[in-house]
Amino acid sequence: MTHIHHLSMRDQAAAIRSRELSPVDVVEHYLERIDRLGDQVGAYVTVTADLARDQAKAAERALMAGDGPPLLGVPLPVKDLNMVKGVRTTLGSAAYDDFTAFGDDNVVAFLREAGTILLGKTNTPEFGLPCYTENAVAPPARTPWDVERSAGGSSGGAAAAVAAGLAPAAHGSDGGGSIRIPASVCGLFGIKPTRGRISQGPIVPDLVGLATSGPITRTVRDAALLLDVMAGNAPGDMYRAAPPEGTFLEAADRAPGRLRIGRSAVPPVPGAEVHPDCLAAYEAASALLAELGHEVEDIDPPWNGELMPHFETLWAAMATLTPVPPEREERLRPLTRWLRERGQAISAYELLHAQATLQAAVRGQLPVLEGYDVILHPTLAQPPVPIGYFEEVDPAENFERQKRFTPFTSVYNVTGQPAVNVPLHWTDGGLPIGVMLVGRTSDEATLIALSAQLEEARPWADRRPPIWD
């Protein structure tokens, strides 16, 4: 029996347009599942049930009036780092547990223009700073493949929702791996777009350009379509990506041709070691790419540990950007306080020097990387970790564990290149292990075409965790 949550986002949109499905019925289906299963995986901070029902009724009226936008009537959640006017927005923090957004972020407006219905706000760690999702405003985000293990972060709730069938797809964001990390541990496809592809405005600054919104989905074509509707710029955006040729959804239907793919599994973080399961996923992906006719070759490690302190300087400085009233500082989690204290101690010289050093490294390395069509890495250095693994130690060791867990992702937030997690591998124990593909700047289309080819060769969307049914 096929249930609504078995359908892809695109299939749901098509069924709604053809009136085989009612937006009201789709919304009620997901609200029932969220009510029954949501806390088990820590997917949502806030469920906007009344708003979703009102929007579903409005979508039905729009359908009766004729054709609508591409995702009319499709319910999707938004990560709780992004503002939706009139909706509670906690930023994953007890310091913001009673904050109501006074406006829409631009990407939220783009999703609304595409016809989507808001199911709610997905769980995220405090201010999106860690690579796992455990906070004081919601249950921990857990991978549905093993609810004793973390769903990653900072888009952990978004990935948990999609993997558990509590949303057909989800909005996420990625400043150091925060789409790719949870996509890997939840067995999903996720795209970190090119810097400037999606507006960060109007409130969140894009001064250093590390973070971007992006899609988390079960299928490549769902992600391509969602990227099409999320992409866009607005006045004041500091970065803009070169426009694609055609749509990203069209790219998913194109053969990628024979690609030159460089690969490396050498982590650029001192002390990080790649787990055998992650190496197995990387080798299996390499073999599949070669089987499909691509040229796969080892490359020298493109990055080394010398850059990590400069990235840490930027990360600590960014932790200070969210204003917290003095009387609410005590509500912050230990890691957040530790990072903000580091950030507040950084001088203007140190901040600019870190940014300049990273830019110089990118200028030197990017021509080498872009000599290849695609770069392949493990997405993570370890399989999904138990809930509490990062929280059981002091903040300094917590941060070191995070670096060793996810050593490959953040460098591509620095370069601004697009990158995807492809869920090709599961361990013998049933845990998903992703691999990361990195493209040339502004060339999400090649990554999407290649990922669609991999999906056809080794389908994954029908692999479902025990909680699914």
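Residues numbered from 1 in each chain as written. Predicted model: local features only at pLDDT ≥ 70, side-chain atom pairs only at ≥ 80, totals over all residues. Heavy atoms only, no water.

Participant: How should a nonpolar patch on the surface be read in this particular structure?
Facilitator: Taken together, the side chains of Phe 102, Ile 203 and Val 204 define a hydrophobic patch exposed on the protein surface, amounting to about 280 Å² of accessible area. Position of Phe 102 relative to the elements: it lies in the loop between strand E2 (75-79) and helix H4 (106-113). (Patch = residues over 30% accessible without salt bridge, like charges linked within 9 Å, V, L, I, M, F, W, Y side chains within 5 Å. Areas by Shrake-Rupley, 256 points an atom, 1.4 Å probe, with all protein chains shown as cover. Salt bridge = Lys/Arg side-chain N within 4 Å of Asp/Glu carboxyl O. Helix = DSSP H or I, 4+ residues; strand = E, 2+ residues; numbered from the N terminus.)

Participant: Looking at this structure, how should I read helix H12 (residues 348-369)?
Facilitator: Given 3.6 residues to a turn, an α-helix orients residues that are three or four positions apart in the same direction. For H12, with 22 residues, the first-to-last C-alpha span of 31 Å sits near the 32 Å given by 1.5 Å per residue. Roughly 30 degrees is the biggest bend found in H12, and it falls at Arg 363, with proline Pro 367 one to four residues downstream. Of the surrounding elements, those touching the buried residues of H12 are helix H10 (308-318), strand E9 (374-378) and helix H14 (411-415). (Expected span 1.5 Å × (residues − 1). Bend = angle between axes of the 7 residues up to and from the residue. Contact = heavy atoms within 4.5 Å.)

Participant: It is not clear to me how empty space enclosed by the protein should be interpreted in this structure. Could you clarify?
Facilitator: Empty space among the atoms can be located by rolling a probe the size of a water molecule over them. With the rule as written, the count across this model stands at eight cavities of 30 Å³ or more. Space inside the largest cavity adds up to approximately 220 Å³. Within the residue set of the lining of the largest cavity, elements represented by two or more residues are H10 and helix H13 (395-405). Among the residues forming the lining of the largest cavity, the class breakdown is eight nonpolar, six polar and one charged. Computed from the structure, the second largest cavity encloses a volume of approximately 110 Å³. For the second largest cavity, the full set of lining residues is Pro 268, Trp 303, Asn 304, Leu 307, Met 308, Phe 311, Leu 358, Ala 361, Val 362, Ser 410, Val 411 and Val 414. Secondary-structure elements contributing two or more residues to the lining of the second largest cavity are H10, H12 and H14. In terms of residues, the lining of the second largest cavity owes the most to one element, H12, which gives three residues. (1 Å grid on protein atoms, 1.4 Å probe; cavity = no way out; pocket = protein on both sides within 12 Å on 5 of 7 lines; lining within 4 Å. Points joined across faces, edges and corners; volume = space filled by probe spheres on them. Nonpolar A, V, L, I, M, F, W, Y, C, P; charged D, E, K, R; others polar.)

Participant: Even after reading the chapter, I still don't get the environment of Thr 441, so can you show me in this structure?
Facilitator: Among the structural elements, Thr 441 can be located in the loop between strand E11 (432-439) and helix H15 (444-457). Overall, Thr 441 belongs to the partly exposed group, its relative accessible area being 36%. In the structure, Thr 441 is positioned 391 residues away from Asp 50 in sequence and 41 Å away in space, judged by C-alpha atoms. Residues contacting Thr 441, with those up to four places away along its chain left out, are Thr 194, Leu 366, Glu 370, Gln 417 and Pro 418. (Buried < 20%, exposed > 50% of the residue type's maximum accessible area, 1.4 Å probe, protein only.)

Participant: Would you explain the nonpolar core in this entry?
Facilitator: Side chains of a nonpolar character, in soluble globular proteins, are inclined to be buried together. One finds Leu 71, Leu 166, Leu 226, Val 422, Leu 437 and Ile 448 to be the most contacted residues of the largest nonpolar core, which totals 139 residues. A total of eight residues in this core trace back to one element, the largest contributor, which is helix H7 (residues 220-230). Those residues in contact with Leu 166 that sit more than four places away from it in its chain are Tyr 30, Arg 33, Ile 34, Leu 37, Gly 38, Val 41, Ala 43, Tyr 44, Leu 119 and Ala 161. (Core = buried A, V, L, I, M, F, W, Y, C linked by side-chain atoms within 4.5 Å.)

Participant: Is there a simple way to explain the side chain of Gln 417 in this structure?
Facilitator: Structurally, the position occupied by Gln 417 is in the loop between H14 and strand E10 (419-426). At 2.9 Å, the side chain of Gln 417 and the side chain of Thr 415 are in polar contact. Those residues in contact with Gln 417 that sit more than four places away from it in its chain are Lys 192, Pro 193, Thr 194, Leu 366, Leu 369, Glu 370, Tyr 412, Val 438, Gly 439 and Thr 441. (Polar contact = N/O pair within 3.5 Å; in protein donor to acceptor, adjacent residues only side chain to side chain.)

Participant: What's the story with unusual backbone geometry in this structure? I'm lost.
Facilitator: For residues besides glycine, phi is generally negative; the peptide bonds are generally trans as well. Put simply, Gly 153 and Ser 154 share a cis peptide bond, and its omega is 10 degrees. Positionally, Ser 154 belongs in the loop between strand E3 (117-122) and helix H5 (156-163). Here the amide bond leading from Gly 201 into Pro 202 is cis, since omega sits at 0 degrees, within 30 degrees of zero. As for its position among the elements, Pro 202 is in the loop between strand E5 (189-192) and strand E6 (212-217). Although it is not a glycine, Arg 19 sits at a positive phi angle of roughly 65 degrees. When you line up the elements, Arg 19 lands in the loop between helix H1 (9-17) and helix H2 (23-41).

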